[in-house]
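# Structural overview for review
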Amino acid sequence: MKAAIWLHMRMDAEMASSGSNRKGSELETPVDDAARVVDGPSVVGVVASRRGVIVRPVTVVFPAAAAIGLTGVIATGTDVALAVASAAFAVASTVIAGADVRRNVRLLPGAGGAVLLRGAAGLLPGWAACRYREEWAGELYDLRAEGASWWRRAGYILGILLCGVPKLAVGLRLGGERSRA
Amino acid sequence: MTMGPRLTAQTVAVVRALLTEPAKARWGRDIAAETGLKSGSLHPILARLERAGWVESYWEDPAEHEDAGRPRRRYYRFTSDGAETARLALAEATQSAAHAPALGRLSPQSGCA
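Turning our eyes to something else, we now look at the overall build of chain B. Scanning chain B from N- to C-terminus turns up five helices and three strands. Each helix (α) and strand (β) of chain B, taken in turn from the N terminus, gives the series α-β-α-α-β-α-β-α. Across the 113 residues in chain B, those meeting the buried criterion constitute 40%. Taking as baseline every contact in chain B between residues at least 6 positions apart, the subset at least 24 positions apart corresponds to 59%.

Below, the structure is given as structure tokens:
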């Protein structure tokens with residue numbers, strides 16, 4: 001998978017209120033006429049793909065909530081702008097990640113699949129790795145030449161990776177045959 | 001006691017498939033298609049049979065695959081003694097399986113003193 005999204009959640013909340021509600025010796029109804037500053041959870045989005053690394057610190061949740069009116073804080077123009085920018089970033093990173101994943105998934109049983117099999121064969125002893133690497137690549141080639149579906153080829157690769165390679169890696173190294181006692 | 005690979009049900013299926021034509025060489029996907037096994041299960045079995053000396057493998061003749069423009073295949077067939085050894089092992093395994101139900105009668109029955 002060529003695209004990955006790292007999300008870093010940072011919770012910051014600070015509220016500023018106006019000063020004391022004491023006027024002289026009497027308490028008055030508190031008046032909070034100062035703008036409340038609330039910095040809600042922030043998300044740092046990092047999207048790495050073949051198109052490069054995109055890093056954007058984006059405050060997502062609170063500005064969006066404020067813009068929608070879900071909080072008691074009146075949304076400012078900055079909140080609305082941040083909400084729109086963060087939503088656009090989320091959509092763009094999803095599209096980039098999805099496109100890369102879809103592209104790689106399409107390639108998986110082909111060139112990517114052969115790469116996977118070659119890498120998996122590296123787990124085998126040296127003399128066996130070369131042989132099985134070529135053997136499995138040949139079988140995958142024949143599958144493709146026969147017109148096998150994408151799923152069938154993917155199933156072949158998964159079977160080799162999950163079943164064949166571990167058993168061979170252990171069996172070839174242990175050596176000897178088990179007696180039929 | 002006979003030394004040889006452990007004869008699991010899947011191994012028996014592979015041996016039987018090869019015994020239909022012991023002298024004929026087959027490649028992995030042929031054997032997989034005949035036995036119904038996936039390649040991930042088949043290759044470890046073939047490796048065990050090779051290590052036991054029952055089966056030998058070799059690469060396809062370059063003249064056969066280069067013209068076709070495809071990668072070479074790995075072929076498997078019984079060795080000169082492998083087919084006979086495999087038949088004997090299968091016969092022993094079949095006899096053992098036939099005697100196995102008798103062991104069930106040795107289990108204690110409820111109500112026995």
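What follows covers the overall build of chain A. The helix and strand inventory of chain A stands at four helices and five strands. Secondary structure elements in chain A, listed N-terminal to C-terminal, are β-β-β-β-β-α-α-α-α. Across the 181 residues of chain A, 33% fall into the buried class. The contacts of chain A with a sequence gap of at least 6 include a subset with a gap of at least 24, amounting to 57%. Put simply, chain A shows about 11,000 Å² of open surface, and 64% of that area lies on carbon and sulfur atoms.

Before going further, it helps to spend a moment on the packing of aromatic side chains. Within a pair of aromatic rings, the relevant descriptors are the distance that separates the centres and the angle that separates the planes. Applying the stated criterion across every chain, the model contains three aromatic pairs over all chains. Summarising the aromatic geometry, the rings of Tyr132(A) and Trp136(A) are spaced 5.4 Å apart at their centres and angled 40° between planes, so their arrangement reads as tilted. Taken as a pair, Tyr132(A) and Trp136(A) lie in helix α3 (residues 126–145) at a separation of four residues, close to a single helical turn. Comparing Tyr132(A) with Trp136(A), the two get one shared label, buried. Looking at Arg72(B), its charged tip hangs above the ring of Trp59(B), at a distance of 4.3 Å from the centre.

This part takes up helix α5 (residues 82–99) of chain B. Residues and elements named next belong to chain B. With 18 residues, α5 should cover 26 Å at 1.5 Å per step; its first-to-last C-alpha distance of 26 Å lies within 8% of that length. What α5 keeps buried is the set Gly82, Ala83, Ala86, Ala89 and Leu90. The buried residues of α5 all sit within an arc of 125° when viewed along its axis, so they share a single face. For α5, the exposed residues set more than 90 degrees away from the buried face come down to Leu88, Gln95, Ala98 and His99. On its buried face, α5 is in contact with α1 (9–19) and β3 (74–78).

With that out of the way, let us pick up the interface of chain A and chain B. With 29 residues of chain A at the contact, the number on the chain B side is 30 residues. Both sides of the chain A and chain B interface together cover about 2,500 Å² of buried area, and 53% of this is carbon and sulfur. The tally of links between chain A and chain B comes to four salt bridges. Counting across the interface, chain A meets chain B through nine residue pairs in polar contact (both at pLDDT 80 or more).

Given a rise of 1.5 Å per residue, 13 residues ought to cover 18 Å, and the 18 Å separating the end C-alpha atoms of helix α3 (residues 39–51) of chain B matches this to within 8%. For α3(B), the tally of buried residues reaches ten of 13 residues, placing the bulk of the element in the interior. Regarding α3(B), the residues found buried are Ser39(B), Gly40(B), Ser41(B), Leu42(B), His43(B), Pro44(B), Ile45(B), Leu46(B), Ala47(B) and Leu49(B). On its buried face, α3(B) is in contact with α3 and α4 (150–174) of chain A together with α1, α2 (28–35), β2 (55–59) and β3 of chain B.

Packing of α4(A) against α3(B) leaves a shortest axis separation of 7 Å and a crossing angle of 25°. Relative to α3(B), the element α4(A) lies roughly parallel. You can see that α4(A) and α3(B) cross each other, and the crossing is right-handed. Within the contact between the two elements, α4(A) uses Tyr156(A), Gly159(A), Ile160(A), Cys163(A), Gly164(A), Lys167(A), Leu168(A), Gly171(A) and Leu172(A) and α3(B) uses Ser39(B), Gly40(B), Ser41(B), His43(B), Pro44(B), Ala47(B) and Arg51(B).

Residue and element names in this part refer to chain A. Confidence in the prediction for chain A averages 65 pLDDT; 37% of positions are at 70 or higher. In this model residues 56–60 is a low-confidence stretch, pLDDT under 50, and it forms 18 contacts with partners more than four residues away in sequence or in other chains. Segment residues 101–108: pLDDT under 50, and 13 contacts once partners within four positions in sequence are set aside and those in other chains are kept.

Another aspect to go through is a negative patch on the surface. Side chains of Asp61(B), Glu64(B), Glu66(B) and Asp67(B) sit close together on the surface and give a patch of like negative charge. The residue Glu66(B) is located in helix α4 (residues 62–66) in this model.

A few words now on the pattern of salt bridges. Under the definition given, this model contains nine salt bridges over all chains. Among the ionic pairs, Glu34(B) bridges to Arg26(B), the shortest N-O distance being 2.4 Å. The exposure class of Arg26(B) is buried, given its relative accessible area of 5%. Salt bridges sharing common partners tie together Arg131(A), Glu135(A) and Glu50(B).

Attention shifts here to the side chain of Thr79(B). Residue and element names in this part refer to chain B. With respect to the helices, strands and loops of the structure, Thr79 is situated in the loop between β3 and α5. In terms of polar contacts, Thr79 uses its side chain to reach the backbone amide nitrogen of Gly82, at 2.9 Å. What Thr79 contacts, discounting residues up to four positions off in sequence, is Gly53, Trp54, Val55 and Glu56.

Basis of the calculations
Residues numbered from 1 in each chain as written. Chains lettered and ligands numbered in written order. Predicted model: local features only at pLDDT ≥ 70, side-chain atom pairs only at ≥ 80, totals over all residues. Heavy atoms only, no water. Helix = DSSP H or I, 4+ residues; strand = E, 2+ residues; numbered from the N terminus. Buried < 20%, exposed > 50% of the residue type's maximum accessible area, 1.4 Å probe, protein only. Contact = heavy atoms within 4.5 Å. Areas by Shrake-Rupley, 256 points an atom, 1.4 Å probe, with all protein chains shown as cover. Phe/Tyr/Trp six-rings, centres within 6.5 Å; stacked < 30°, edge-to-face > 60°. Lys NZ or Arg CZ within 6 Å of the ring centre and 35° of its normal. Expected span 1.5 Å × (residues − 1). Arc of directions from axis to C-beta. Buried area = accessible area lost by both parts, 1.4 Å probe. Salt bridge = Lys/Arg side-chain N within 4 Å of Asp/Glu carboxyl O. Polar contact = N/O pair within 3.5 Å; in protein donor to acceptor, adjacent residues only side chain to side chain. Axes fitted to C-alpha atoms, helices over the stretch in contact; angles between N-to-C directions. Parallel < 35°, antiparallel > 145°, perpendicular 65-115°, else oblique. Left-handed = near helix turned anticlockwise from the far one by under 90°. pLDDT = per-residue confidence, 0-100. Patch = residues over 30% accessible without salt bridge, like charges linked within 9 Å, V, L, I, M, F, W, Y side chains within 5 Å. Lys, Arg positive; Asp, Glu negative; His and termini not counted. Charge placed at Lys NZ, Arg CZ, Asp CG, Glu CD.

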